[in-house]
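Geometric and topological summary
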Amino acid sequence: MNSRKWIGVGALIGGLIGGSGIASAEMGQVRVEGLFKGAAVLNIDGQQVLLKQGRRHQNVALIDANAHRAVVEIDGRRHELKLHSAIGGRYQPADLTQVVIRKNDRNQYQVNGSINGQPARFLVDTGANTVAMNEIQARSLGLLYKMEGRESQVVTASGVSRSWVVTLDAIKVGEIQVPNVQAVVIAGEYPQQVLLGMSFLQYVKIQEQNSVLMLEKKF
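Read on for a plain summary of the structure.

About the cut-offs
Numbers given to residues run from 1 along each chain, matching the order in which its sequence is written. Given that the model is predicted, a residue must reach a pLDDT of at least 70 before its local features are reported, and side-chain atom pairs must reach 80 or more before they are shown or counted; all residues, however, enter totals for whole chains, interfaces and linings. Calculated side-chain values reflect all of the structure's heavy atoms, with hydrogen atoms and water omitted. A run of H or I in DSSP becomes a helix once it reaches four residues, and a run of E becomes a strand once it reaches two; helices and strands are each numbered from the N terminus. Only protein chains enter the area calculation, which uses a 1.4 Å probe; residues under 20% of their type maximum are buried, those over 50% are exposed, and those in between are partly exposed. Only Phe, Tyr and Trp rings are paired, with Trp represented by its six-membered ring, and only when their centres lie within 6.5 Å; those with planes under 30 degrees apart are stacked, over 60 edge-to-face, the remainder tilted. Definition used in this section: a nonpolar core is a set of buried Ala, Val, Leu, Ile, Met, Phe, Trp, Tyr and Cys residues joined via side-chain atoms within 4.5 Å. Residues are treated as being in contact if the distance between any of their heavy atoms lies within 4.5 Å.

1. Some points on unusual backbone geometry
Peptide bonds are mostly trans, and most non-glycine residues show a negative phi. Here the residue pair tyrosine 190 and proline 191 is connected by a cis peptide bond, since its omega of -5° sits within 30 degrees of zero. Mapping proline 191 onto the fold places it in the loop between β15 (176–186) and β16 (194–196). With a phi angle near 50°, asparagine 116 is a residue other than glycine that sits in the positive phi range. For asparagine 116, the location among the structural elements is in the loop between β10 (110–115) and β11 (118–124). Since its relative accessible area comes to 28%, asparagine 116 is described here as partly exposed. Here the phi dihedral of asparagine 180 falls at roughly 55°; this positive angle occurs in a residue that is not glycine. Inspection of the secondary structure assignment puts asparagine 180 in strand β15. For asparagine 180, a relative accessible area of 57% corresponds to the exposed category.

2. Observations concerning the packing of aromatic side chains
Counted under the stated rule, the structure contains one aromatic pair. Seen in terms of ring centroids, tyrosine 145 and tryptophan 164 are 5.1 Å apart; in terms of plane orientation they differ by 65°. Their pairing is edge-to-face. Of this pair, tyrosine 145 sits in helix α2 (residues 145–148) while tryptophan 164 sits in strand β14 (residues 159–173), and the two are 19 residues apart along the sequence. Exposure class is identical for tyrosine 145 and tryptophan 164. Each is buried.

3. Quick notes on the nonpolar core
Counting 31 residues, the largest nonpolar core has Ile171 and Phe200 as the members making the most contacts within it. Filtering out sequence-adjacent residues up to four positions away, phenylalanine 200 remains in contact with Val131, Ile171, Val173, Ile176, Val178 and Val181. Counting 16 residues, the second largest nonpolar core, distinct from the first, contains Val49, Val60, Ala65 and Leu81.

Structure representation (structure tokens):
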């Protein structure tokens, strides 16, 4: 994947509503969290969105962006924002179909989500052809994998292990939800984290730029 330079995450600064430096909760808030040529990562009312120049999310449009500043249009009014700065803006909440994930200190992309409505912590793994979990995790999620799954075998670092192929009702990450996702439950304690493999990732667009991974729903 191509790499482009991101400029990090910061705190709020002044110049907002009433000169207080804090945007009103009723007004909503747009904050610049990342900048690069032709695109910006914006935090819109607590949700991260990657916008390309000329694209719009809710009533927020990115007019221009470079490594130093972004020009956004909110309800027809333009604002120039530098990194770490924010502005209040009126807009209606909408479903987000983008998820921005930052690489951790182990060089991994981890993200919270849910399986069949139950909370789950995922390790994004484009090298895994399916979502995978160990049987301890499967039991904690209430999966009847031995009764409803198809028994199979997988090769792990420890050798050949017993496994069960199941179909999950849904996996949700951010506001991206995919129904009827195939997964494999592996006997024992491997993998230690639920692997978010290609049986889910095939339904999203994946972009990586310098330790930031963006998932965007295809449909």
